[in-house]
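Structural characterization, general
In case you want the letters, here they are:
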Amino acid sequence: MADELTTATMRPTISAAWADTMISAAMAKAAATSVAVTVVVVDESGVVKSMTRMDGAPLVTGINKAYAAAAIGMPPDDFYSAIQADGAAVASFATRPGLALIAGGLPVVVDGQVAGGVGVAGAMTGAEDRAIAEAAVAAVTG
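Residues numbered from 1 in each chain as written. Predicted model: local features only at pLDDT ≥ 70, side-chain atom pairs only at ≥ 80, totals over all residues. Heavy atoms only, no water.

Considering the side chain of Asp43
As a reminder of what qualifies: Under the DSSP-based scheme used, a helix requires at least four consecutive residues in state H or I and a strand at least two consecutive residues in state E, with every element numbered from the N terminus. Three exposure classes are used, based on accessible area relative to the maximum for each residue type with a 1.4 Å probe and protein chains only: buried under 20%, partly exposed in between, and exposed over 50%. Only four residue types enter the charge count: Lys and Arg as positive, Asp and Glu as negative, with His and the chain ends excluded. When a carboxyl oxygen of Asp or Glu is within 4 Å of a side-chain nitrogen of Lys or Arg, the pair counts as a salt bridge. Here a polar contact is taken to be a pair of N or O atoms separated by no more than 3.5 Å, where protein atoms must pair a possible hydrogen donor with a possible acceptor and residues adjacent in sequence count only if both atoms sit in side chains. What makes two residues a contact is simply this: any of their non-hydrogen atoms within 4.5 Å.
Along the chain, Asp43 falls in strand β1 (residues 38–43). Put simply, Asp43 is tucked away with no salt bridge, and the nearest opposite charge, on Lys49, sits 5.4 Å away. At 2.9 Å, the side chain of Asp43 and the backbone nitrogen of Ser45 are in polar contact. Not counting chain neighbours up to four residues away, the residues in contact with Asp43 comprise Thr13, Lys49, Ala70, Ala115, Gly116 and Gly117.

Focus on unusual backbone geometry
A positive phi is found at Ser34, a non-glycine position, where the angle reads about 60 degrees. Positionally, Ser34 belongs in the loop between α1 (16–32) and β1. Ser34 gets classed as exposed once you look at its relative accessible area, which sits at 71%. The phi dihedral of Asp111 falls on the positive side, at around 50 degrees, and the residue is not glycine. Given the relative accessible area of 76%, Asp111 is considered exposed.

Comments concerning the environment of Leu101
On the secondary structure map, Leu101 appears in the loop between α4 (87–94) and β3 (105–110). Leu101 sits 28 residues away from Asp129 along the chain, and the two C-alpha atoms are 13 Å apart. Beyond its immediate sequence surroundings of up to four residues, Leu101 is in contact with Ile72, Pro76, Asp77, Phe79, Tyr80, Ile83, Phe93 and Ala94.

What about the sheet that holds β3?
Put simply, the test is: Here the rule is simple: two strands pair whenever DSSP picks up at least two bridges between them. Here an axis means a line fitted to C-alpha atoms, over the contact stretch when the element is a helix, while the angle between two N-to-C directions is reported on a 0 to 180 degree scale.
Strand order across the open sheet formed by 4 strands is β2-β1-β4-β3, with antiparallel pairing between neighbours. The strands lining the two open edges of the sheet, one partner per strand, are β2 (48–53) and β3. Across the sheet, the mean angle from the axis of one strand to that of its neighbour is 15 degrees, orientation sign disregarded. Bridge count for β3 against strand β4 (residues 113–121) is 6 bridges, and the pairing is antiparallel. The residue bridging Val109 from the neighbouring strand is Val114, located in β4. α1 contacts β1, β2, β3 and β4 of the sheet and is inclined by roughly 25 degrees relative to β2.

A few points about the pairing of β1
Of all the 6 residues making up β1, 6 are buried; the element is thus mostly covered by neighbouring parts of the structure. Of the two faces of β1, both are covered, the one formed by Thr38, Val40 and Val42 as well as the one formed by Val39, Val41 and Asp43. When β1 meets β2, the two strands line up antiparallel, connected through 5 bridges. In the strand pairing of β2, Val40 is matched with Met51. The turn linking β1 back onto β2 is made up of 4 residues, and Gly46 within it adopts a positive phi angle of 85 degrees. In this structure, β1 lies alongside β4, joined through 6 bridges in antiparallel fashion. Paired with Val39 across the bridge in β4 is Val120.

Pasting the structure below:
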């Protein structure tokens, strides 16, 4: 029986403290640029660890951006750019529940493995959302 068992590999995950640090950094970046956003941090499985909607933020969230970043392991907008020439791939991924292939989501990578993701929504452009997400990731990965 022991020969049939496999040893589970431990994967990094985002702690509650990291999630709080990421949220704080994103909110500070958003406030510095006079933008109100919603910031979502998910763990390596795509489960929400923390979410904050700034006062005045539009009624949108970055949950699907964060989930996509964690699931795909790369920024969803970069993934879209990589597959956009393949219509079948775009159609397949664009219709999957929970995946947003737009800017504002970033994976959090620790020791080469995805530990989670962050999603930002509410700025006027995807580039602004992404810059805020970059501040969140930088706060915990350097």
